[in-house]
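So the chains spell out like this:
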Amino acid sequence: MEHIMNFLLKVDSPGSENPGVLPIIGRRKAGKSTLIEHACNDERVRNHFSQIVCFSDDDLIDADMVALRHCGSIKNGNQCTGGERILIVIELIRDIDEAVWRRLYSASKSYVPNGSKIIVASQSDKIARFGTTQALRVELFTEEAYWYFFKVRTFGSMDAQEHPKMASMAMEMARELQGCFMGASIYSGLLKANFNARFWNMALASIREYKQTNLLVYGTYFENPWQASEPAYVRTVNKISSEYLVILDEYQTCSVQNMVLCRTNFARSEAEVPMLSMQDFLFGSVRPQGKFKVLAWKSHLPPYYKHMFNCEESSISQMETLFSAILGELASRSFSFLINKCSSKLSSSSMATTFMEEKIQRLERMLLRLATAIEEVDGKHITNQAMLRQVNMLRQDMHKGYYALDTFRIQKHQEEDMNVDDDNEVSYNTLSLSKFNSIKRARVLTCTRRHGDMRELDQMVDIIEITMAGMA
């Protein structure tokens with residue numbers, strides 16, 4: 001964020017190339033659009049530019065700067081304090097031909113006032129050479145940072161520590177989502193609106209089935225179904241139909257008049273097909289038929305983008321038997337291996353409870369101080385690059401600290417549940433996939449990871465202590 005703000009608010013020296021261009025590069029659903037939205041919504045940026053204009057791929061085809069004046073979507077218009085500067089935002093889905101870019105950029109030099117800026121975002125590394133400054137590369141969250149983001153979005157002002165069972169399921173969901181920003185935005189909203197264990201358990205089951213189904217359909221080369229561009233297969237939680245539903249593609253609209261950004265040529269007008277909410281799509285009792293669209297989630301920042309899915313009903317129920325056979329075999333082998341491994345380690349001794357509680361409380365106090373300091377820094381405009389690197393290091397340590405703290409607490413709660421339920425589990429001789437719920441799965445993992453996590457907790461306390469000592 002600091003990189004974008006410094007680029008936008010920096011006053012160019014005489015002789016600098018005008019307009020300045022910042023390329024933003026990142027994979028699908030990594031958060032490029034959201035990062036740009038945050039920057040454009042900042043009061044300093046809105047006061048710095050008289051207009052903020054947004055373009056998509058389709059606007060740039062066979063277009064020149066004069067034509068673009070009539071097809072761009074104005075996100076902001078005001079009498080800024082710095083003159084008539086314009087911020088142009090270009091979000092690309094496909095590659096842009098270099099000749100087209102040179103023609104447009106050359107025309108922009110005579111069209112836009114001095115001090116104007118251009119942000120161009122794409123998945124392709126090719127746009128890096130379009131920049132007048134170093135490209136910003138947006139990476140997916142680390143596991144620790146993603147859990148912190150997901151927890152804050154899901155629990156809001158509530159303390160996750162007061163809801164250990166819910167926190168356990170939330171952490172499992174965060175792991176299954178594999179750092180996907182779109183997935184976090186969708187499911188955190190659903191979980192927050194339905195704050196009960198039954199719904200959260202259904203949500204966790206739906207995430208796992210969605211992931212397993214698409215990995216089986218496309219094979220191991222299908223890296224991550226949450227990031228893929230291929231159609232994705234979905235099964236409703238209540239299974240009111242034997243059919244699967246297919247997410248064909250996605251696009252965006254927004255509530256600003258005359259502003260519609262289509263991410264695909266398949267996008268239709270709002271009146272042609274019925275629309276469902278994401279909750280009705282996954283958990284509702286209405287069986288959708290034919291083609292329909294789903295409101296995945298809505299941004300809370302102007303211009304309030306709506307992220308839409310184009311969907312249809314698909315007849316691939318004949319694959320159900322194959323899926324069940326494959327999953328049953330994999331589950332049987334995996335569970336046997338994990339249970340045997342767990343049993344071999346149950347004899348290890350645990351650390352004293354009082355000592356560990358003191359460690360946890362100590363780490364929690366230090367993390368609270370660290371989070372407060374970072375929040376204060378986030379409100380400042382820092383231009384010193386060395387200081388920015390220091391702040392990012394503090395933020396990374398905070399994410400790692402909270403991840404270790406929450407992981408230990410969740411596993412401790414799961415161990416307590418295991419001790420309570422042990423007598424009731426003796427009579428079970430087999431484990432089926434449908435009955436192997438999130439708590440039982442986490443229990444097996446807890447046995448294999450318990451002592452490693454205690455060591456990690458000790459190490460994290462030492463790391464945060466060093467960080468706090470040098471924070472001033």
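Above this text you will find the structure in question.
Every value quoted in this text rests on a predicted model; they were computed, and no experiment measured them.

### Examining the packing of helix H8 (residues 164–177) against helix H10 (residues 197–218)
Direction vectors running N to C along H8 and H10 enclose 15°, while the axes themselves pass 10 Å from each other. When the interaxial angle is binned, H8 and H10 end up roughly parallel. Crossing of H8 against H10: the hand is left-handed. Across the interface between the two elements, Lys-165, Met-166, Met-169, Ala-170, Glu-172, Met-173, Glu-176 and Leu-177 from H8 touch Ala-197, Trp-200, Asn-201, Ala-203, Leu-204, Ile-207, Arg-208 and Lys-211 from H10.

### Observations regarding the pairing of strand E5 (residues 117–122)
Taking burial as the measure, the six residues of E5 include six buried ones, the bulk of the element. Side chains Lys-117, Ile-119 and Ala-121 of E5 all project onto a buried face; the interleaved residues Ile-118, Val-120 and Ser-122 project onto the opposite face, where all are buried too. Strand direction decides the pairing type here: strand E4 (residues 86–91) and E5, joined by five bridges, are parallel. Within the sheet, the bridge partner assigned to Ile-88 lies in E5 and is Ile-118. Of the crossover connections in this fold, the one passing from E4 over helix H6 (residues 98–111) to the parallel E5 is right-handed.

### Let's talk about the environment of His-307
In this fold, His-307 is placed in strand E11 (residues 305–314). Owing to a relative accessible area of 7%, His-307 belongs among the buried residues under this scheme. The spacing of His-307 and Gln-252 is 55 residues in sequence and 4.7 Å in space, taken between C-alpha atoms. With near-sequence residues (within four places) excluded, His-307 lies in contact with Met-182, Tyr-251, Gln-252, Val-294, Leu-295, Ala-296 and Trp-297.

### Let's talk about the nonpolar core
Residues Phe-150, Met-173, Ile-186, Tyr-187, Trp-200, Met-278 and Phe-281 are the most contacted members of the largest nonpolar core, which totals 45 residues. Per element, the largest residue contribution to this core is eight residues, and it comes from H8. Those residues in contact with Met-173, other than ones at most four positions away along the chain, are Phe-150, Leu-191, Trp-200, Ala-203, Leu-204 and Ile-207. Counting 23 residues, the second-largest nonpolar core is a separate cluster that includes Ile-4, Leu-8, Leu-22 and Ile-52.

### A short note on the packing of aromatic side chains
If you walk through the whole model with that rule in mind, you get 13 aromatic pairs. Both rings, one in Trp-101 and one in Phe-130, keep their centres 4.9 Å apart while their planes meet at 10°; by these two values the pair is stacked. One end of the pair, Trp-101, is in helix H6; the other, Phe-130, is in the loop between E5 and strand E6 (136–137), with 29 residues separating them in the sequence. You can call Trp-101 buried: its relative accessible area is 6%. In textbook terms, an aromatic cluster arises when at least three aromatic residues are bridged by ring pairs, as seen for Phe-141, Tyr-146, Phe-149, Phe-150, Phe-181 and Trp-297. The ring of Phe-7 is capped by Lys-117, whose NZ or CZ atom sits 4.8 Å from the centre of that ring.

What counts and what doesn't
- Residues numbered from 1 in each chain as written.
- Predicted model: local features only at pLDDT ≥ 70, side-chain atom pairs only at ≥ 80, totals over all residues.
- Heavy atoms only, no water.
- Axes fitted to C-alpha atoms, helices over the stretch in contact; angles between N-to-C directions.
- Helix = DSSP H or I, 4+ residues; strand = E, 2+ residues; numbered from the N terminus.
- Parallel < 35°, antiparallel > 145°, perpendicular 65-115°, else oblique.
- Left-handed = near helix turned anticlockwise from the far one by under 90°.
- Contact = heavy atoms within 4.5 Å.
- Buried < 20%, exposed > 50% of the residue type's maximum accessible area, 1.4 Å probe, protein only.
- Pairing = 2+ DSSP bridges.
- Right-handed = clockwise from strand over helix to strand, strands pointing away.
- Core = buried A, V, L, I, M, F, W, Y, C linked by side-chain atoms within 4.5 Å.
- Phe/Tyr/Trp six-rings, centres within 6.5 Å; stacked < 30°, edge-to-face > 60°.
- Lys NZ or Arg CZ within 6 Å of the ring centre and 35° of its normal.

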